[in-house]
Amino acid sequence: MSEVKLEDIVSLAKRRGFIYQGSEVYGGLSGTWDYGPLGVTLKRNIMNLWWKTFVDSRDEMYGVDAAILMNPGVWKASGHIDTFTDPLVECSNCKGRFRADHLEGDKCPNCGKTGTFGEARQFNMMFKTNVGPVDDDKSISYLRPETAQGIFTNYKNVLDSFYPDLPFGIAQMGKAFRNEISPRDFIFRSREFEQMEIEYFIHPDEWEQMFEGWIKGIRMFLTSELGLPAESIHELEVPEDDRAHYSKRTVDFEFDFPIGREELLGLAYRTDFDLKNIHDNAGKNMEYTIKGTNDKFIPHVIEPSFGVERMIMAVLSSAYREDEQNGEKRIYLALPEHLAPVKYAVSPLLKNKPELVAKAREVYDALKKKHGNVMWDDNGNIGKRYRRQDEIGTPYCVVIDFDTLEDDTVTVRDRDTTEQKRVGLDELVERQDRSL
RNA sequence: GCGGGCGUCGUAUAAUGGCUAAUAUGCCUGCCUUCCAAGCAAGCGAUGAGAGUUCGAUUCUCUCCGCCCGCACCA
């Protein structure tokens, strides 16, 4: 399973309508990806599952959906304008480029020459744009490089509307943009991506136990909900040197991707850094008063930050299977049933028998009405349909044959075992599955 | 962003400075088919974009775009 190659996933994703290169007909645009009919469903299933797990099924969570364009003051205060701007210098000898603030002296780390560096140039990883019709310095804004700030800027609004007890959290899913120097590895690092983030507001005295609680919650989500194999998930305690300056503890959840072990999501204790910024810079009181007391303080924050595309890549690569069937290679996606873009494929055993087709249509309509994500498939022969559905991860293929006409039972074929069971129609339609 | 490699139907591959760019698979239409890519027949579908050299370029050259590998980057 660790032998899954990224190119196999990319090829399947394109061939079967999950993920295409962005702007492909115009030659593409580096770092962008488009989701096809199956991909968008898979993606939404994952996002809905996350929302259901961390927001809908909890009492202390609140959702928001903030604007992508924000007042540039946000990015000044957050440090993004300063720290996302890396001064780069170029060596005139070997043409290598390096971050000026990472160099020791004027010796080129590549070719070893000294005194070959030109002037440092700024490179900002935020996408800059202009708000309003006038293109001048005053109109500059940025596409958000993270969704977190849209939560912090609404912290006060949520307080005013709900005044929840601590601890409570605000969650958001949405697009973020980073002008990466080199987007790579399929959807793993792209310039436009989607985040799912929570800012969990706590009393500072409780941060350690809250942090542990989030570690457990995340583990549970990755394994029980997303169905990722526990042995492929690794928790990395990020050492102080590698942490953001405001973070007192960060744990990266890493995953064994086809491209190697890489970060899947991050969990960071951000202290009161962000709210304090707003408190100090925007002149707004961000303090929280414990109800019935005069105990006032700026809440601290624990931030789980998920990348949607990385979840998708983890799910796809851990679901990708190849095995042998009658001497032929069989490719299938062992997706958890509740994530699969198509849950049932319905076929008449034979396409040229009108009574079978009519009955199959009935079954299809009934299942579609009940479950939504059901596909009609009468292409070629039955074996071909099975293989086709295997590749897109459809857990169940329902086949209507001559017996169905007699006793209202159908064949349900299982994707992973390829075994077939005879199931009553009523039982199938009323079957409770894990809904999203 | 640097260095190297690469770019041919949806996918995977082949070939060529000159006839209609080939094969498999896929897709599609018809026939057939009583459970794991069967068969028959017809069809669709590509030289990434632009410029140059040339009588003629998919092939050679250049620019751009994109992909892959390494370096760097990944707040």
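The rules we used
Residues numbered from 1 in each chain as written. Chains lettered and ligands numbered in written order. Predicted model: local features only at pLDDT ≥ 70, side-chain atom pairs only at ≥ 80, totals over all residues. Heavy atoms only, no water. Helix = DSSP H or I, 4+ residues; strand = E, 2+ residues; numbered from the N terminus. Buried < 20%, exposed > 50% of the residue type's maximum accessible area, 1.4 Å probe, protein only. Contact = heavy atoms within 4.5 Å. Areas by Shrake-Rupley, 256 points an atom, 1.4 Å probe, with all protein chains shown as cover. Phe/Tyr/Trp six-rings, centres within 6.5 Å; stacked < 30°, edge-to-face > 60°. Pairing = 2+ DSSP bridges. Axes fitted to C-alpha atoms, helices over the stretch in contact; angles between N-to-C directions. Left-handed = near helix turned anticlockwise from the far one by under 90°. Nonpolar A, V, L, I, M, F, W, Y, C, P; charged D, E, K, R; others polar. Parallel < 35°, antiparallel > 145°, perpendicular 65-115°, else oblique. 1 Å grid on protein atoms, 1.4 Å probe; cavity = no way out; pocket = protein on both sides within 12 Å on 5 of 7 lines; lining within 4 Å. Points joined across faces, edges and corners; volume = space filled by probe spheres on them. Expected span 1.5 Å × (residues − 1). Arc of directions from axis to C-beta.

A. Focus on the overall build of chain A. In terms of helices and strands, chain A carries 13 helices and 24 strands. A buried classification covers 50% of the 436 residues belonging to chain A. In chain A, of all internal contacts separated by at least 6 residues, the share reaching a separation of at least 24 is 63%. For chain A, the computed accessible surface area is about 21600 Å², with 46% contributed by carbon and sulfur atoms.

B. Fine view of the packing of aromatic side chains. For the coordinates displayed, the defined rule picks out 24 aromatic pairs. Plain terms: the ring middles of Trp50 and Phe54 are 5.7 Å apart, the flat faces sit at 55 degrees to each other, and that makes the pair tilted. Taken together, the positions of Trp50 and Phe54, both in helix α2 (residues 37-56) and four residues apart, correspond to about one turn of that helix. Assessed through its relative accessible area of 2%, Phe54 is described here as buried.

C. Highlighting the pairing of strand β17 (residues 300-307). The buried count for β17 comes to eight of eight residues, which makes it a mostly enclosed element. The alternating pattern of β17 places His300, Ile302, Pro304 and Phe306 on one face and Val301, Glu303, Ser305 and Gly307 on the opposite face, and all of these are buried. Alignment of strand β11 (residues 192-202) against β17, held across six bridges, turns out to be antiparallel. Of the residues in β17, the one forming a bridge with Phe201 is Val301. With six bridges connecting them, strand β14 (residues 260-271) and β17 associate as antiparallel partners. Along β17, the bridge assignment pairs Leu265 with Phe306.

D. Representation of the sheet that holds strand β9 (residues 140-143) within the structure. In spatial order, the strands read β4-β9-β8; together these three strands make up an open sheet with antiparallel pairing. If you trace the sheet from one side to the other, it starts and ends with β4 (69-70) and β8 (128-130), each paired once. The pairing of β4 with β9 spans two bridges and is classified as antiparallel. Paired with Met70 across the two strands is Tyr142, which belongs to β9.

E. Quick peek at the pairing of β9. Strand direction decides the pairing type here: β8 and β9, joined by three bridges, are antiparallel. Paired with Thr129 across the bridge in β9 is Ser141.

F. Structural detail: the sheet that holds strand β22 (residues 396-400). Read from one edge of the open sheet, five strands run β21-β20-β22-β23-β24, paired in mixed fashion. Here the strands that pair on one side only, and so sit at the sheet edges, are β21 (374-376) and β24 (420-424). Strand-to-strand twist across the sheet, computed as the mean angle between neighbouring axes with direction ignored, equals 30 degrees. Strand direction decides the pairing type here: strand β23 (residues 409-414) and β24, joined by five bridges, are antiparallel.

G. Structural context of the packing of α2 against helix α7 (residues 207-225). For the pair α2 and α7, the least separation of the axes is 11 Å and the interaxial angle reads 140 degrees. Of the two elements, α2 crosses α7, and the hand of that crossing is right-handed. Listed contacts from α7 to Leu49, Trp50, Thr53 and Phe54 of α2 are Trp214, Gly217, Phe221 and Glu225. Residue composition of the contact of α2 with α7, by class: five nonpolar, two polar and one charged.

H. Main features of the packing of α2 against helix α9 (residues 308-319). Contact geometry of α2 with α9 gives a least axis separation of 10 Å together with a crossing angle of 110 degrees. Classified by the angle their axes make, α2 and α9 are roughly perpendicular. In this structure, α2 uses Leu42, Lys43, Ile46 and Met47 to contact α9, whose residues at the interface are Val308, Glu309, Met311, Ile312, Val315 and Leu316. Split by residue class, the contact of α2 with α9 holds eight nonpolar, no polar and two charged.

I. Empty space enclosed by the protein, seen in detail. Counted under the stated rule, the structure contains one cavity of 30 Å³ or more. When its volume is computed, the largest cavity comes out at roughly 30 Å³. Taken together, Ile9, Leu12, Ala13, Phe18, Leu316 and Leu333 form the lining of the largest cavity. Among the elements that make up the lining of the largest cavity, the one with the highest residue count is helix α1 (residues 6-15) (three residues). Of the residues that constitute the lining of the largest cavity, the class distribution is six nonpolar, no polar and no charged.

J. Inspection of α7 at higher detail. Its 19 residues place the ends of α7 25 Å apart at the C-alpha level, agreeing with the 27 Å of an ideal helix rising 1.5 Å per residue. Inspection of α7 places Trp207, Met210, Phe211, Trp214, Ile215, Ile218, Phe221, Leu222 and Glu225 among the buried residues, and these make up the whole buried set. Seen end-on, α7 carries its buried residues on one side only, within an arc spanning 160 degrees. Turned more than 90 degrees off the buried face of α7, the exposed positions are Glu208, Gln209, Lys216 and Met220.

K. Region of interest: the side chain of Gln149. Mapped onto the secondary structure, Gln149 falls in helix α5 (residues 148-152). Residue class for Gln149 comes out buried when judged on its relative accessible area of 4%. When near neighbours in sequence (up to four residues on either side) are disregarded, Gln149 contacts Met70, Val74, Trp75, Ser78, Arg270 and Asp274.

These figures capture arrangement, not role.
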